[in-house]
Amino acid sequence: SYGSKLAFVAAGQSIYTTDRTGTNGYGSGDYTTIDGTSFSSPYAAGVAALLLSVNPSLSAAQVESIMQTTCRDIGTAGFDTLTGWGMLNAEAAVRAAQPLPCLGDLTGDRVVNGSDLGNLLASWGTSQNDLNGDGVVNGSDLGSLLASWGTCP
């Protein structure tokens, strides 16, 4: 595919995939290497699924935007009608989709609450759970935790 509506391209050449066994398949084994756009579409869908797995709050438009902005440019610099924004880059897209950490969420439940406060107080005077990076849990970290109290964005 090509044209002004092409967003990006995805791997579609030398794709190692499962195959029907025996004469019903492309080869004699359970796996084969094959080419074609039929293989690039599931690759793109898989990357979109990965983005949603690391950040379920993303909208469809945000997923599409991340996939486009993290492409590896392979054609004419910038957008072009043969490669869109470039080759889909799964690793870069997943990194970009990860939500920003919520300062004070020490339990990883996306809420800053009493559980986090308990963890912070239990590590008072140590470097564990140091929120501001100064090497010790103290009143400054307590202030940061209280300032982020509630549900993480």
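Residues numbered from 1 in each chain as written. Predicted model: local features only at pLDDT ≥ 70, side-chain atom pairs only at ≥ 80, totals over all residues. Heavy atoms only, no water.

Draft legend 1. Fine view of the environment of T76. Relative to the assigned elements, T76 resides in the loop between α2 (60-69) and α3 (90-97). For T76, a relative accessible area of 56% translates into the label exposed. C-alpha separation for the pair T76 and G86, spaced 10 residues apart in sequence, amounts to 9.1 Å. (Helix = DSSP H or I, 4+ residues; strand = E, 2+ residues; numbered from the N terminus. Buried < 20%, exposed > 50% of the residue type's maximum accessible area, 1.4 Å probe, protein only.)

Draft legend 2. Up close: the confidence of the model for the chain. Per-residue pLDDT for the chain averages 89, and the proportion of residues at 70 or more is 100%. Per-element mean pLDDT across the chain ranges from 84 in strand β1 (residues 15-18) up to 95 in helix α4 (residues 114-122). (pLDDT = per-residue confidence, 0-100.)

Draft legend 3. Looking closely at the state of the cysteines. By the definition in use, this model includes 1 disulfide. Residue pairing for C102: its cysteine sulfur links by disulfide to C152, the two sulfurs lying 2.1 Å apart. Between C102 and C152, the disulfide has an S-S torsion of -85° and is therefore left-handed. Placement of C102 in the loop between α3 and β3 (111-112) and of C152 in the segment after β4 (150-151) is noted, with a sequence separation of 50 residues between them. Each member of the pair, C102 together with C152, is buried. (Disulfide = S-S within 2.5 Å.)

Draft legend 4. Quick look at the pairing of strand β2 (residues 31-34). Covered by surrounding structure in β2 are T32 and I34 only, the residues Y31 and T33 on the alternate face being uncovered. With 4 bridges connecting them, β1 and β2 associate as antiparallel partners. Bridging across to β2, T17 finds its partner in T32. (Pairing = 2+ DSSP bridges.)

Draft legend 5. Representation of unusual backbone geometry in the model. A positive phi angle, close to 55°, is found at S14, a residue other than glycine. Tracing the backbone through its elements, the reader meets S14 in the segment before β1. Not every positive phi belongs to a glycine, and R110 is a case in point at roughly 65°. Among the structural elements, R110 can be located in the loop between α3 and β3.

Draft legend 6. View of the packing of helix α1 (residues 37-54) against α2. Taken N-terminus to C-terminus, the directions of α1 and α2 make an angle of 115°; their axes are 10 Å apart at the nearest point. Crossing angle aside, the handedness with which α1 passes α2 is right-handed. Between α1 and α2, the contacting residues are A44, V47, A48, L51 and L52 on the first element and V63, I66 and M67 on the second. Residues of the contact of α1 with α2, tallied by class, amount to 8 nonpolar, no polar and no charged. (Axes fitted to C-alpha atoms, helices over the stretch in contact; angles between N-to-C directions. Left-handed = near helix turned anticlockwise from the far one by under 90°. Contact = heavy atoms within 4.5 Å. Nonpolar A, V, L, I, M, F, W, Y, C, P; charged D, E, K, R; others polar.)

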